[in-house]
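One letter stands for each residue in the lines below.
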Amino acid sequence: MKNIKKFGFLGLAFALNAWAVGNEGALGLDVEKDSAAVASSITIIDQPAVASQVISEVTNLSEKKPTDSLANEPIVNQNPSIQARYADKKHLLLRYRKSENMPEITNSLVLEGIGDKEAMDRINQRKDKIGTIPRLVLLPCSDGCANNKDYEKVAAAFQERYAAPVQAGLYEFRGQIKVKVRWYQERGMFERMSPIPTRKDVFAISFPLEGKLITLSSYSIAKKNEMSTFVTKTSGLLNTALGIEMGAGVKPYLLQFLLPENERSLMVKVNDGLAPIVKGIDKIFGGVDYSSRIEPMTSADDELLPAVDGILPNEINPLKEPVFYNHL
């Protein structure tokens, strides 16, 4: 990976995700060292950000919007660099309501995919930032989190992992996002010693995007406790979705997966192929399917509103049944 000009947003997403996965922060590694490593693969120089513009582009509205701060029509990013890059793929642009909660890439040359040695020097010196991400409001799971000191340690580690790009000087906080721990489970010592495991170690989070409920999950059926790995994976996926994809006004990969254009893509075929395997393993080891997924929102998800993108449940391209991401 040499620069963004060659790899575009995909390269930047891989850079941030690889850095997030490799940088253990509170889990033991050196934030400064690893943030310098990612800086070498992200090129930024000091220029005023290109002013963002917006256009109305709304489809499949299923309900009348309330007369409050959400009453304005959903928009898509009209930044010239974004519009040029996605001129023939406007279906990939994220629909959202403009607010301080929305993440945003504010550095114009990151958006334009241009950089040089000066850019790398400046980011290493923490003189330039990529943009903004919202503060994390982490809601505990409904079962197994209350008065659980082990969970509190895991939750603190997840929050610190999420905040690592800000602590490293790559981003700034602006606004907030509500995220709920959907599943948290750590097996005890004797459970791991059992030759026939009946439960899994699992950490999963949920949050709404474009009126749908996204769940990012990581779990293991191995005997070894790998909770730090689960925290690393879910935080890396969340950072990439917010800091890179949504920050550039683009639908996160999880939403792109639902587009008709991807109906029979290679990744969909991989997902379809893995589904029976994953569900078969789940059935053997406890019967609970902890796969990542996207689902219709219900009243049970109201505590996560307003969504970071300001979109109401079922407002845009309503989803009728869950879609599972067995390849994540």
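Look above for the structure.
A. Seen up close, the sheet that holds strand E9 (residues 323-325). Sheet architecture is open: 7 strands sit in the order E3-E4-E5-E6-E7-E8-E9, paired in mixed fashion. The open sheet has two edge strands with one neighbour each: strand E3 (104-105) and E9. In the sheet, strand E8 (residues 292-296) pairs with E9 via 3 bridges, with the strands oriented antiparallel. Note on E9: the bridge partner recorded for Ile294 is Val323. Helix H6 (residues 149-167) contacts strand E4 (131-139), strand E5 (171-185) and strand E6 (201-209) of the sheet and is inclined by roughly 170° relative to E4. Docked against the sheet, helix H8 (residues 227-245) engages E3, E4, E5, E6 and strand E7 (212-220), running at close to 15° with respect to E6.

B. Summary view of the nonpolar core. Counting 54 residues, the largest nonpolar core has Tyr184, Phe203, Phe207 and Leu238 as its most contacted members. A per-element tally of this core places H6 first, with 7 residues. What Phe207 contacts, discounting residues up to four positions off in sequence, is Ile177, Lys178, Val179, Lys212, Leu213, Ile214, Leu216, Leu238 and Leu304.

C. Just H8, in detail. The end-to-end C-alpha separation of H8 is 26 Å, in line with the 27 Å expected for 19 residues at 1.5 Å each. The element H8 is extensively covered by neighbouring structure, given that 15 of its 19 residues are classed as buried.

Calculation notes
- Residues numbered from 1 in each chain as written.
- Predicted model: local features only at pLDDT ≥ 70, side-chain atom pairs only at ≥ 80, totals over all residues.
- Heavy atoms only, no water.
- Pairing = 2+ DSSP bridges.
- Helix = DSSP H or I, 4+ residues; strand = E, 2+ residues; numbered from the N terminus.
- Contact = heavy atoms within 4.5 Å.
- Axes fitted to C-alpha atoms, helices over the stretch in contact; angles between N-to-C directions.
- Core = buried A, V, L, I, M, F, W, Y, C linked by side-chain atoms within 4.5 Å.
- Buried < 20%, exposed > 50% of the residue type's maximum accessible area, 1.4 Å probe, protein only.
- Expected span 1.5 Å × (residues − 1).

Shape is all these values report; function is a separate question.
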